[in-house]
Structures are given as C-alpha cells and as structure tokens.
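Breakdown of the fold
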Amino acid sequence: MMSEYHNYFITSLDLHIVDLEEFQNVGTNISGFQLVDETAPEFEDALFRLSTGLEPSTEREKSYSKTEVALMHDAVKVLAVTLQHLSRRGQDIDIPVVSCETEEPWPQGHYFVNYMRTITTRGLTGEIKFDKYGFRSDFNLKLNELTRAGLRQAADWNPFIGINITGSMSKAFADVKASLKNRTLVVTTLMNPPYVSLKEDNTLEGNNPYQGYCVDLIEEISKELGFKYKFREVSDHTYGKKNQWGEWNGMIQELIEGKADLAVGDLTVTYERESAVDFTMPFMNLGISILFKKPTRKIPKLFSFLSPLSLEVWVYMVTAFLGVSLFLFIVARFSPYEWTNPHPCDPNPDTLENQFTLLNTLWFTVGSLLMQGCEVNPRAMSTRVVSGIWWFFTLIMVSSYTANLAAFLTAQRLSSPIESTEDLAKQTSIQYGCLQSGSTQEFFKESDIPTFKRMWNFMESARPSVFVESNFKAVERVKKGNYAFLMESTSIEYIVERNCDLMQIGGLLDSKGYGIATPPGSPYRTLLSSTILKLQESGTLQMLKQRWWKNKGKNCTLEVTSQSVSASELGLDNVGGVFLLLFIGLCVACVIVILEFIWKLRRVPLEEREPLCMELSNELKFAIMCKGNTKPIRNEPVLPSNNLSLIQFSSIGNIDSKDTVS
C-alpha cells in the first residue's frame, strides 16, 4: 500500500513532527495540514524565552511544535494580553478562590470573556481572534506534502479564501522525474506484431525476447526519463473490457490491481477505459477500416476487344454503317454527276455508267470505317458531302475506340463485391466481424448511427461467431474468403504490406488513438505525455513506424478496386453527338442531290421532259429498283460559244464528252 499510486491524507495536525524519513523515497503521496507556524517570529521568540536564553534543543522544539502545546501557549497568551489591556484601562480584576466543589460563577467572568473576544494577537498558531460567538473563525492552515527532501509546504488554506497553491509546479515536476530515476517499471502488453512480438531466439531473459514498435517506444522514453522497465505479457491475452458487474479484465485489470505500472500496445483510448485508468497523449492516430481479400483477376474473354464500346454503341455503329451505305448508294444513283461515260473514246455514248454499285458502296464505307483507301471516289457534290461526314464520323469513333482500348489493355480489371461500409451493411452473403473484447467491438455496440447499429445486430446474431480472439486468426479467416474484418487502419497497413492477397476497403469509420495506460492517479502520466510529444516533434515516432511497418522483403502495392482504376465503357451519352452530326450531314446531302437533279433537269427542253415532281419520282424509283448501272442519254440543245464550240451534254450525266464544230 506504500507505492506511488496510493494517496494518504493525515487528519492529525501534528504530521510535521512525525519522522517520515523511511517513506520519503517510496513515492507515496502523504499530505496533511499544519496549524503551528514554525517560521513565525513568535515561535522563535517563545522558544528563546522558554529556554532562558539558551539555544533550544531539538526535543524542546518538537515539544512546542505540537499543536496541543502551541494552543495551550496561545491560550495563556490571550489570557495575559486580556489582563494587560484591562489593567491599562484601570479595570480592577478580582480573582476569587476557585473551588471545584462549588459551581459559583466568577462575577467578572462574563465581562472578561466579552472583552477577550475583541482581542487580536499573534501566537504560535498564527493570528488569534474570535467572532462574536467566541469561535476562532479566521485562521490559516499549511498543507504539507512529503517529498524526497522531506515535508514541504504545497498550499495554504483559509476558511474564507479556500485553498491557495504556493508550491512550484516545475519543482513538483522535477521531483516526480527524480523519483522515476533508476526505478524499474513493470510494463504489461499483448503480443500483436508489429507493436509487440517475440524474437526468433526467445530463450533470452528480461526484455530481450521482445521486439516491436512499442518496445522501441518504451526504450526511447526510458532514455529520456532514466527509468528501467520489464515487459510482461498479460495473463488473459485481452486488452481490457468491463463486464456487466463493472469488473475489468486484460491489461486494464492489471493496472487497477497494481500488478503493472504501464500498459502499452495497440491499446485504444476510450471513454470507458479513461474512467478506469489514466492515459497519456496518443502516440499514434488511426481509425476503423475494413480488411478484405483481393478479388481475383478476371481472365480476358475471347472478344474482349469489343469491351471499349458498349453493346448499345456497337448496334448503333452497325446500323449507321448499313444506313450510310444504302443512303450513299441511293444518292449516287440519284445524282446526275455520278453517271459517267463508260467509253471516253466514244463522244456519243448510248448509255452512262455509275461506279457506286451496291457492293462498291459497301466497300467504300467499310474502307472509310477501317481508315483504309478505296478505288471508288465520289464525283458529285452530294456524294462528297455524304463521304466527308462519314469520314468525320469514323475519325471520332475510331479515335475513341483506340483510346479506350488502350486503357482496357493496360488497366487491371478487379471487381470487388464491396466498396464501402454501406455496401457491407446492405448485404448478408459476406460475413464480417471484429476483435473480441476490443474497442472496435465497443464502438459498434455503443454507436447510434443506423448503419453501424445494423452491422452490430448482424455480427451479434451471426452463427458461427464472427468475433475472433486475435488479429492473427482474423487474417487467416479473411484469407479463406467470404469474410471481412473490421480493425484499426494502422494494423491493416501492416498486414496488407505483408499479404499481397489482402487489401483495405473504404475510408475510416472513426478517429481515435493509441496511448500508454497508467494506473489511476499515476504521477508519471504527465512526464510520459511530455516525452511522447517531444518524440513526435523530433520525428522519432514516424521513424519507428517506418522501421516496423515497411516490409524489407517483398513489397505489395495496394491495388484499388475496378471502379477507381479500370476504364469504363463508352455509352451513347459519350458518342451520341457523332451520330447526330452524321444524321445532319446526311440531310444536307439529300438537299444537295435534289438541287443537283433540278439544276440538271432545267437544261432539258420542256417538250422532252415531264413535270418536276414526276421526274423526281421516276428517278427515285430508278435509283431504288437497282435495274443496272447504265441508262440512255437524254440530248440537250446545242449552245453556241464565242469560240464557235458546241458542247453536247447528256441530260443526266457529267461533262465528259464534247463535240467541237468549226
């Protein structure tokens, strides 16, 4: 019971005369009040007068330092001062013989007591004065505490002001630091790499068998504060949880029962634990996340080259190809400038020929779509418009296909069944759980968020149980598949770095930290927090994390899910404008071919042609019926020119033959 985690307040006012030397170095907090003011001039004067001019001995000083003796001295002094005051005022004091057998009061006693209440003087117990009821209402008490150098005044107390701290906090801080020198602290922990683990050669004694982030952390703190330490694994292999009867287990229980001085590891600072023990400032910040098995890579399909475009776009592409081919075929047959002389040597051919047969038209559109050339080239303005807009259409589509195909070939397509906590909560096929008797379990149990409450109900009712005893068993269960484990993000980083078939899913569900736990009321907590802050500012904590988290062997890079890395297929919204542009171009070509036909028809004499609508109808029927690639020539009138040349045109044809008349 005499340790640094116990506090004693002595109710006697004579603590200052007790020999406490054997308790000065144990670290126990022993405190008490003192009424006698040994530093007052009245105390030294009283000792001097009572010793008849000689130096007072230690025994005499201790005797007059007793509260009872000092109060008797001050009582006699008050009586003497009252008699002096009354004598100076000429008041005669008649002191009768006092008898213990009779109870007759002193006639002047009432007056004497009333006058005594007005007296103010100083004695061995400080200033002496009374209220109207005869009580000593205004007095000071010194609050003393035991230090390594003995009792020391830490504060003053007054009935009206209350407590007034007079001790120096920096000096108290230095005293605690000095008491920690060369002390051996028992550190309780739990085996969980990379925080604490056993070395391969675990036959050594002391701290040598242990290694890890927390072992190095305690080592760095011990160098700063100068204490020794000894690691010990917790007996029940749990962090600490309170049961329904309010009893704790694990590392928290060992701190409460005084079996350990520190608890270190991946121990999360929670409100419930903070109410039972004291925590230092966090040495590592983290949050809850999901550990899950990486999805297997999909084997590419035989027709995976079709993936850059959706099925909808491919259907529209084929439809556009057939539609444009048919449309170009009709326009070419309808346009008079696409009918040419099959025999250029014959100036007066009987028939004209059109190069855009149905097969040639299909070949032309296919060549354009595949970015290749073709021997068939449009002659008329209308067919050239159709060809140009088709070329532009194929340019956009081929470029888009090529760019998206490159993304499909280079990206790793991984498909994960869950992408976030919400996805995990909505499904029931994949089981998920957390560590038993840990802060993560308590987080879901006490959470008021609907998603987390639903997840807790699922985990609690799952059979077999989804709670595991250790992180190692959880990793093995995750590797088997169809199981997600909810754990701290820092532990997930360590596990994923060494297991390439595992990954972290989603962000952090909360924000918390790991701290060093101490027994309640521990005087070392402030020292430990200051040292942790110093190590954090110097970058030592980050260096330790890099040392234990970074895998020196194989390095597994985190792969994200298919939604964030793989290319998405192009939909109609992406390329719909190209189809609209193609349709507008075809409409423009229709207008141009009609204008070409009208313009050419006006050159034919009225007696040799029918009305415009009839001619359009007949020509359209001829183009659609596909009755051949030749047609008879309709003669036009001979037009004189300045050089006496006559140009003979076919009624429906291009300017391919000329007759010159001298």
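What you are looking at is a predicted structure, and each value in this text was computed from that prediction instead of being measured.

Thresholds, definitions, all that
Residues numbered from 1 in each chain as written. Predicted model: local features only at pLDDT ≥ 70, side-chain atom pairs only at ≥ 80, totals over all residues. Heavy atoms only, no water. Core = buried A, V, L, I, M, F, W, Y, C linked by side-chain atoms within 4.5 Å. Buried < 20%, exposed > 50% of the residue type's maximum accessible area, 1.4 Å probe, protein only. Helix = DSSP H or I, 4+ residues; strand = E, 2+ residues; numbered from the N terminus. Contact = heavy atoms within 4.5 Å. 1 Å grid on protein atoms, 1.4 Å probe; cavity = no way out; pocket = protein on both sides within 12 Å on 5 of 7 lines; lining within 4 Å. Points joined across faces, edges and corners; volume = space filled by probe spheres on them. Nonpolar A, V, L, I, M, F, W, Y, C, P; charged D, E, K, R; others polar. Pairing = 2+ DSSP bridges. Axes fitted to C-alpha atoms, helices over the stretch in contact; angles between N-to-C directions. Parallel < 35°, antiparallel > 145°, perpendicular 65-115°, else oblique. Left-handed = near helix turned anticlockwise from the far one by under 90°. Patch = residues over 30% accessible without salt bridge, like charges linked within 9 Å, V, L, I, M, F, W, Y side chains within 5 Å. Areas by Shrake-Rupley, 256 points an atom, 1.4 Å probe, with all protein chains shown as cover. Salt bridge = Lys/Arg side-chain N within 4 Å of Asp/Glu carboxyl O. Expected span 1.5 Å × (residues − 1). Phe/Tyr/Trp six-rings, centres within 6.5 Å; stacked < 30°, edge-to-face > 60°. pLDDT = per-residue confidence, 0-100.

**Details of the nonpolar core**
- Within the largest apolar cluster, 83 residues are counted, with the highest numbers of intra-cluster contacts made by Tyr213, Phe283, Leu291, Leu486 and Ile516.
- Broken down by element, this core gets its largest block of residues, seven residues, from helix H6 (residues 213–225).
- With near-sequence residues (within four places) excluded, phenylalanine 283 lies in contact with Tyr213, Cys214, Leu217, Gly265, Tyr514, Gly515, Ile516, Ile532 and Leu541.
- Counting residues in each nonpolar core, the second largest holds 30 residues, with Phe334, Leu369, Cys374 and Trp390 among its members.

**Some thoughts on the layout of surface pockets**
- Approximately 940 Å³ is the volume attributed to the largest pocket.
- What lines the largest pocket is a set of 34 residues, and nearest its centre among them are Asn29, Glu145, Ala172, Val176 and Pro523.
- Elements supplying a minimum of two residues to the lining of the largest pocket: strand E2 (29–34), strand E5 (141–147), strand E6 (150–158), helix H5 (169–180) and helix H17 (525–537).
- Looking at the lining of the largest pocket element by element, the count peaks at seven residues for H5.
- Residue composition of the lining of the largest pocket, grouped by class: 12 nonpolar, 15 polar and seven charged.

**Quick word on the pairing of E2**
- For strand E1 (residues 7–10) and E2, the ladder comprises four bridges, and the chain directions are parallel. Bridge pairing in E2 links tyrosine 8 to isoleucine 30.
- The pairing of E2 with E5 spans four bridges and is antiparallel. What sits directly across from phenylalanine 33, in E5, is leucine 143.

**Focus: the packing of helix H9 (residues 311–334) against helix H21 (residues 612–625)**
- Across the interface, H9 lies against H21 with an axial gap of 9 Å and an inter-helix angle of 130 degrees. With respect to H21, the element H9 is oriented oblique. Two packed elements cross with a definite hand, and for H9 against H21 that hand is right-handed. Each of Phe329, Ile330, Arg333 and Phe334 in H9 lies in contact with H21, whose residues at this interface are Leu616, Glu619, Leu620, Phe622 and Ala623.

**Points about unusual backbone geometry**
- Put simply, proline 193 and proline 194 share a cis peptide bond, and its omega is 5 degrees.
- Turning to its location among the elements, proline 194 is positioned in the loop between strand E8 (184–189) and strand E9 (197–198).
- The step from arginine 463 to proline 464 runs through a cis peptide bond, and the omega angle for that step is 5 degrees.
- Inspection of the secondary structure assignment puts proline 464 in the loop between helix H14 (450–461) and helix H15 (471–480).
- Even without being glycine, asparagine 482 reaches a positive phi, approximately 60 degrees.
- With respect to the element layout, asparagine 482 can be found in the loop between H15 and strand E19 (483–488).
- Taking relative accessible area as the criterion, asparagine 482 reaches 46% and is therefore assigned partly exposed.

**Some words on a nonpolar patch on the surface**
- Taken together, the side chains of Met371, Phe392, Leu395 and Leu581 define a hydrophobic patch exposed on the protein surface, amounting to about 340 Å² of accessible area.
- Looking at the element boundaries, leucine 395 is found in helix H11 (residues 381–410).

**Section: the sheet that holds strand E15 (residues 288–293)**
- An order of E18-E19-E15-E20 is seen for the four strands of this open sheet, with the pairing classed as mixed. The outermost strands of the open sheet, each flanked by one partner alone, are strand E18 (431–434) and strand E20 (502–505). The mean angle between the axes of side-by-side strands here comes to 30 degrees, regardless of whether they run parallel or antiparallel.
- Of the strand pairs in this sheet, E18 and E19 are connected by four bridges, and their pairing is parallel. The partner of tyrosine 432 across the bridge, within E19, is alanine 484.
- Here H14 sits on the sheet in contact with E18 and E19, set at roughly 95 degrees to E18.
- Its contacts with the sheet place H15 against E15, E18, E19 and E20, and it is angled at close to 145 degrees to E19.

**What about H6?**
- An ideal rise of 1.5 Å per residue puts 18 Å on 13 residues; H6 measures up with 19 Å between its terminal C-alpha atoms.
- Within H6, the full set of buried residues consists of Tyr213, Cys214, Val215, Asp216, Leu217, Ile218, Ile221, Ser222 and Leu225.
- Downstream of H6 by a residue or two, glycine 226 has a phi angle that is positive, lying close to 80 degrees.

**Thoughts on the packing of aromatic side chains**
- Tallied over the entire structure, the rule returns 24 aromatic pairs.
- Taken together, a centroid distance of 6.0 Å and an interplanar angle of 90 degrees make the contact between phenylalanine 356 and phenylalanine 364 edge-to-face.
- Its relative accessible area of 0% is what places phenylalanine 356 among the buried residues.
- Here phenylalanine 364 falls in the buried class, since its relative accessible area comes to 3%.

**Regarding the confidence of the model for the protein chain**
- With 85% of its residues at a pLDDT of 70 or more, the protein chain shows a mean pLDDT of 82.
- Across the protein chain, the element-wise mean pLDDT spans from 42 in helix H19 (residues 562–565) up to 95 in strand E12 (residues 262–263).
- Segment residues 558–566 is flagged for pLDDT under 50; beyond a separation of four residues in sequence, or across chains, it makes 19 contacts in the model.

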